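Descriptive analysis of the structure
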Amino acid sequence: MARRAALYAAALVAYAFLYVPLVIVVLFSFSASHLGTRWAGFTLHWYRVLLHDAAMLHAAWNSVIIALAASLAATVFGTLAALATRKYRLRFLPVLVLAPLSTPDILQGVSLLVFFVLLNVTLGLKSVMLAHISFCIAYVAIVVSSRLAGMDPSLVEAARDLGASPWKGFWLITLPLLAPGIMAGGLLAFTMSIDDFVITFFTAGAGTTTLPLRIYTMIKVAVTPEVNAVSTLLMASTLVLVLSISKLAPQALKGMG
Amino acid sequence: MALLEIRKATRRFGHFVAVREVSLEIEAGEFFTLLGPSGCGKTTLLRLIAGFDTPDEGRILLDGCDITLTPPERRPVHTIFQSYALFPHMTVADNVAFPLRMARVAHGEIRVRVAQALREVQLAGMGERLPQELSGGQKQRVAIARALIDRPRVLLLDEPLAALDLKLREQMQLELITLQRLVGITFVYVTHDQGEALALSHRIGVMNAGRIVQLGAPDAVYEFPQTRFVADFIGTCNLLEGTVRRQTGARLTLEVSGLGELAASARTPVQVGERGVLAVRPEKVRIAAQIVPAPGEVHLQGVIHDQLYLGDVTVYKVELAGGRLLEALLPNSAAGVVKFFEVGDHVDLAWRAEAALFLHD
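As a starting point, this report considers the structure included with it. From a predicted model like this one, the values you see are computed outputs, not experimental measurements. (Residues numbered from 1 in each chain as written. Chains lettered and ligands numbered in written order. Predicted model: local features only at pLDDT ≥ 70, side-chain atom pairs only at ≥ 80, totals over all residues. Heavy atoms only, no water.)

**Considerations on the side chain of Thr43(A)**
All names here are of chain A. Within the secondary structure, Thr 43 sits in the loop between helix H1 (2–28) and helix H2 (45–51). Of the polar contacts made by the side chain of Thr 43, one reaches the backbone nitrogen of His 45; its length is 2.8 Å. Ignoring sequence-local partners within four residues, the contact set of Thr 43 consists of Ser 29, Phe 30, Ser 31, Ala 32 and Arg 48. (Helix = DSSP H or I, 4+ residues; strand = E, 2+ residues; numbered from the N terminus. Polar contact = N/O pair within 3.5 Å; in protein donor to acceptor, adjacent residues only side chain to side chain. Contact = heavy atoms within 4.5 Å.)

Spelled out as structure tokens, the structure:
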């Protein structure tokens, strides 16, 4: 019994360490105080301020556009990458596809910046999208691969055997069976893109800003409750996405570890 | 002309030769079984016929047409997979309808033929279920219905009963025999289970190390194995190593160390002085407390070393002179008697010389 109690206590401390900071942010986003770190009664004031903050809304809009474009493109390329690594069974291929997962963001950010400058790509929305596509592909590929690994290879052979061309076999069997994995991979890519800071920071150039960049600029001045409000919204949307992923492809999140 | 003809097919994977110059003719309406241990190349050969793989050398002909390089979707050949490979996101009816959809058969006709096919495999009314809601035997039937709905020329079956439990397996064996007779489609069946092969097939091709080592009707393969491998792989067989001393026609005299000279028969040309094995099946060995040998019978004496009670029969392991063990099988046919012998009993053994085959090593 004592061991069990100790286990629960340890778990409680661990989860508190992870979630208490987030809870504080959510709490203070409803605080009437002008300081981001003091409680002075409940209000929705900061959410109203947020709705009228044109710069913040513009940054959020940019983030959503970038995340949509990046996750859509990465979903296509990542799925193709997963199919290719399965089909050709080359040892270096999965390594090349998944390497961005373990490369430090700062390194990716700097190298992409140098790359864009060398190619004379104007920094802005498009360069950020390209950068996000490049690191999102790996996330989609790993989720789709885990789904693919659980698929009986004789299913596609059976389709061919029963009269389906290679294309029909893909369209009628492979794709529908991979669909939950592809969706989950796309959502994961979306969440990775929408809250990315480091890579975006290096590839956005001077004029372009996204939600995480905007929040960072704001707290350099002071932690206002508006930052808490926007963080709460960001957190809520991320949570919804992660829950959807775990629902669509429960094994995908396990494979991430 | 044979329906399916394989001419000197070879398939290599790196240095490993999975199928080695296999030539084979299978007739229309035949139930043909490829039997062999795992890794003998039987599944690879099946995949060459299905078109999932192509041979490195050799040709495959169907009805006299070369189909060696024809993709699987354009061969009138279907496969029943070991895992059944039912499409999990489609209902039973959609699974069965799949070949007809691919062939662009009209919707109305598809509905009629699917209902008919499901009735034939006793799954009427199950069309709207998903495969994962079915039992193993039902999945098997859906796979069969799906593979036969567009009447292929050849049906390939890759160990289709391996996943079922014993009782169901026996029942499905009988169903498969009935079904094959009913539809008259050529079946090529792959299994490592010799009992299944003997029970189901018109002809068996025994495979080992990429080759077909013996081809024939089940009784011929069982009664007259041509090699030590076949004798050992199909059923159980007592194998005594020896040297040929004398030969008169088909009758041989073999010198077996520790046992002296034993009579045997040969079905292939033999040279005096050649080494080989004497093969005799346990059920051909007579075992009794005392045997007066009949003319033409081989007679030995031994001590019961071990016994294996199987209910209907008992297998006795008898120790011969020189410590060699020989198996003899005795039906437990006497009423009221549980066992005939106990461990340590002295017994006589005898078998007819024709039952003892000389096999080359």
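**Focus on the interface of chain B and chain A**
Contacts between the two partners involve 23 residues from chain B, matched on the other side by 18 residues from chain A. Summed over both sides, the interface between chain B and chain A buries roughly 1700 Å², with carbon and sulfur atoms accounting for 64% of that surface. Contact with chain A buries surface across chain B, with Glu73(B), His89(B) and Met102(B) losing the most and accounting together for 33% of the total. A salt bridge links Arg47(B) to Glu157(A); the nearest nitrogen and oxygen atoms lie 2.5 Å apart. In this structure, the connection of chain B to chain A is made through seven residue pairs in polar contact (both at pLDDT 80 or more). Elements with a contribution of two residues or more to the side of chain B that touches chain A: helix H1 (42–50), strand S6 (77–80), helix H2 (92–102) and helix H4 (136–148) of chain B. Residue classes in the side of chain B that touches chain A are distributed as 15 nonpolar, four polar and four charged. (Buried area = accessible area lost by both parts, 1.4 Å probe. Salt bridge = Lys/Arg side-chain N within 4 Å of Asp/Glu carboxyl O. Nonpolar A, V, L, I, M, F, W, Y, C, P; charged D, E, K, R; others polar.)

**A few points about the pattern of salt bridges**
Residues and elements named next belong to chain B. Here the structure, examined in full by the defined rule, presents 21 salt bridges over all chains. The residue Asp 53 makes a salt bridge to Arg 11 at a minimum N-O spacing of 2.9 Å. In this pair, Asp 53 sits in the loop between H1 and strand S4 (57–62) while Arg 11 sits in strand S1 (residues 4–13), placing the two residues 42 residues apart along the sequence. Per residue, the accessibility class of Asp 53 equals that of Arg 11, and both read buried. Measuring nitrogen to oxygen at the nearest pair gives 3.0 Å for the salt bridge that ties Glu 109 to Arg 113. Note that Glu 109 and Arg 113 are positioned in helix H3 (residues 107–120) at a spacing of four residues, about one turn of the helix. Assessed through its relative accessible area of 27%, Arg 113 is described here as partly exposed. The network of salt bridges with common partners includes Arg 11, Asp 53 and Asp 56. (Buried < 20%, exposed > 50% of the residue type's maximum accessible area, 1.4 Å probe, protein only.)

**Quick look at the sheet that holds S6(B)**
Residues and elements named next belong to chain B. Judged by pairing direction, the sheet is mixed, and its six strands sit side by side in the order S6-S7-S8-S3-S9-S10 without closing on themselves. Where the open sheet ends on each side, the last strands, each with one partner, are S6 and strand S10 (211–216). Averaged over all neighbouring strand pairs, the angle between strand axes comes to 20°, with direction disregarded. Across five bridges, the pairing between strand S3 (residues 31–35) and strand S8 (residues 186–191) is parallel. (Pairing = 2+ DSSP bridges. Axes fitted to C-alpha atoms, helices over the stretch in contact; angles between N-to-C directions.)

**A few points about unusual backbone geometry**
Residue and element names in this part refer to chain B. A positive phi angle, close to 70°, is found at Tyr 84, a residue other than glycine. Its place among the elements puts Tyr 84 in the loop between S6 and H2. In this model, Gln 122 sits at a positive phi of 55°, which is unusual for a non-glycine residue. For Gln 122, the location among the structural elements is in the loop between H3 and H4. Among the residues examined, Gln 122 registers a relative accessible area of 55% and is labelled exposed.

**Points about the state of the cysteines**
Residues and elements named next belong to chain B. Within this structure, the stated rule accounts for zero disulfides over all chains. No disulfide involves Cys 237; its sulfur sits 20 Å from that of Cys 40, the nearest cysteine. Taking relative accessible area as the criterion, Cys 237 reaches 14% and is therefore assigned buried. (Disulfide = S-S within 2.5 Å.)

**A closer look at the packing of aromatic side chains**
Counted according to the given criterion, the structure contains 16 aromatic pairs over all chains. Each ring, one from Phe197(A) and one from Phe201(A), has its centre 5.6 Å from the other, and the planes form 20°; the classification is stacked. The class for Phe201(A) is partly exposed, based on a relative accessible area of 46%. Through a chain of ring-to-ring contacts, the aromatic side chains of Phe197(A), Phe201(A), Phe202(A) and Tyr216(A) assemble into a single cluster. Positioned over the ring face of Phe87(B) is Arg146(B), at 4.6 Å from the centre of the ring. Its end group placed over the ring of Phe224(B), Arg267(B) keeps NZ or CZ at 3.7 Å from the ring centre. (Phe/Tyr/Trp six-rings, centres within 6.5 Å; stacked < 30°, edge-to-face > 60°. Lys NZ or Arg CZ within 6 Å of the ring centre and 35° of its normal.)

**As for the sheet that holds strand S16 (residues 297–309) of chain B**
Residue and element names in this part refer to chain B. The strand order across the open sheet built from five strands is S15-S19-S16-S17-S18, with neighbouring strands paired in antiparallel fashion. Sheet topology places strand S15 (286–288) and strand S18 (325–331) at the edges, where each strand pairs with a single neighbour. Strand-to-strand twist of the sheet, defined as the mean angle between neighbouring strand axes without regard to direction, takes the value 40°. Both S15 and strand S19 (residues 346–352) contribute to a ladder of three bridges, which runs antiparallel. Along S19, the bridge assignment pairs Ala 288 with Asp 348.

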